[in-house]
Amino acid sequence: MIRIITDSTCDLPIQDLELEGVSVLSLTVQFGEEQYKDKRELSNEDFYEKLKNSEVLPTTSLLNPQDFLDCFEQFPEEELVVITLSGVLSGTYQSACIAKQTLERDNIYIVDSKSTSIGLGLLVQKAIQHRKEVNNAKELAEILTKERENIRIVAAIDTLEYLIKGGRLGKTAGALGKVLQLKPVITLEEGKIVVIGKHRGMKRALNEILAMFERDLDHMDSVVLFAHGSDLSAGMQLQTLLTHEGQQYCIGSVVGTHVGPGAVAVAYLLKG
């Protein structure tokens, strides 16, 4: 059996993944002196409650090589396919590569998803599906490396507060954005966060996502995932606008630290 390993930023429920034979390594989120393993020691609901009440932005920590070594050594005889969040956004991918080099095992394959949250989650779901169809881990990793190029994830951010706190948006620009009620629309390109629009009001931001979704509709795989920043009604609003079935997930603490509550996202795969 091929063992799939991923990290907690995929924002799929850990218990569901473990039932599918997927190992999930949790990144860390820290509020002051309090440190928690994402989704294991701090639920999504508790995270957003803490985030709203915290005067300073929490910090997040990547997975280090030892985290991966400890995991790899649990499966000495199995072929491993490791799927991580974007190597541009985190050193987690590099940590996995270092762990593989340390063990000098040729049956471990590391895939940089070039995505995160439900974009990564979608690639993990495809890995579970393809595992039933392939002969070995090398073949599975090659398929995923091709499919990652066709994953689309686009999100609308409801509040600029956490981008300002995290230093990803200057205070002056952030203050102006707050006054104008600007709602950024972002996507990932080659693993990097790219702002594709800034709109006055969430309705206009969601309409931009709709326009992008409709352009791709005839060329996409049937599976579509939705996510929300601890506000299911906001996630359902986006899903209703796109008039498409799909599972709803909560954006976890690592990504939620930067996009804040109220964010919504959709992820889908274009046909190769």
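Check the entry above for the structure.
Residues numbered from 1 in each chain as written. Predicted model: local features only at pLDDT ≥ 70, side-chain atom pairs only at ≥ 80, totals over all residues. Heavy atoms only, no water.

**Side note on the sheet that holds strand E2 (residues 22-25)**
And then number 1: Reading across from one edge, E2-E1-E6-E7 is the order of the four strands in this open sheet, with parallel pairing throughout. Strand pairing shows two members of the sheet lacking a second neighbour, E2 and strand E7 (108-112), which therefore form its edges. Going from strand to strand, the sheet's axes swing by 20° on average, the running direction of each strand aside.
And then number 2: Here strand E1 (residues 2-7) pairs with E2 via four bridges, running parallel. For Thr6, the partnering residue across the bridge sits in E2 and is Val24.
And then number 3: Across the sheet, helix H4 (residues 92-103) is in contact with E1, strand E6 (79-84) and E7; its angle to E7 comes to roughly 165°. (Pairing = 2+ DSSP bridges. Helix = DSSP H or I, 4+ residues; strand = E, 2+ residues; numbered from the N terminus. Axes fitted to C-alpha atoms, helices over the stretch in contact; angles between N-to-C directions. Contact = heavy atoms within 4.5 Å.)

**Points about the pairing of strand E3 (residues 28-31)**
And then number 1: The pairing of E3 with strand E4 (residues 34-37) spans four bridges and is classified as antiparallel. Residue pairing for E4: Val29 is matched across the bridge by Tyr36.
And then number 2: In this structure, the hairpin formed by E3 and E4 is closed by a connection of two residues, where Gly32 is found at a positive phi of approximately 60°.
And then number 3: Note that E3 and strand E5 (residues 59-61) share three bridges and pair antiparallel. Counterpart to Val29 in the pairing with E5 is Thr60.

**Some thoughts on the packing of helix H5 (residues 117-131) against helix H6 (residues 137-147)**
And then number 1: Two elements in contact, H5 and H6, have axes whose closest approach is 10 Å; the angle formed by their N-to-C orientations is 145°. For the element pair H5 and H6, the recorded crossing hand is right-handed. From H5, Leu123, Lys126, Ala127, His130 and Arg131 reach across to H6, where they touch Leu140, Ile143, Leu144 and Glu147.
And then number 2: Considering only residue class, the contact of H5 with H6 consists of five nonpolar, one polar and three charged. (Left-handed = near helix turned anticlockwise from the far one by under 90°. Nonpolar A, V, L, I, M, F, W, Y, C, P; charged D, E, K, R; others polar.)

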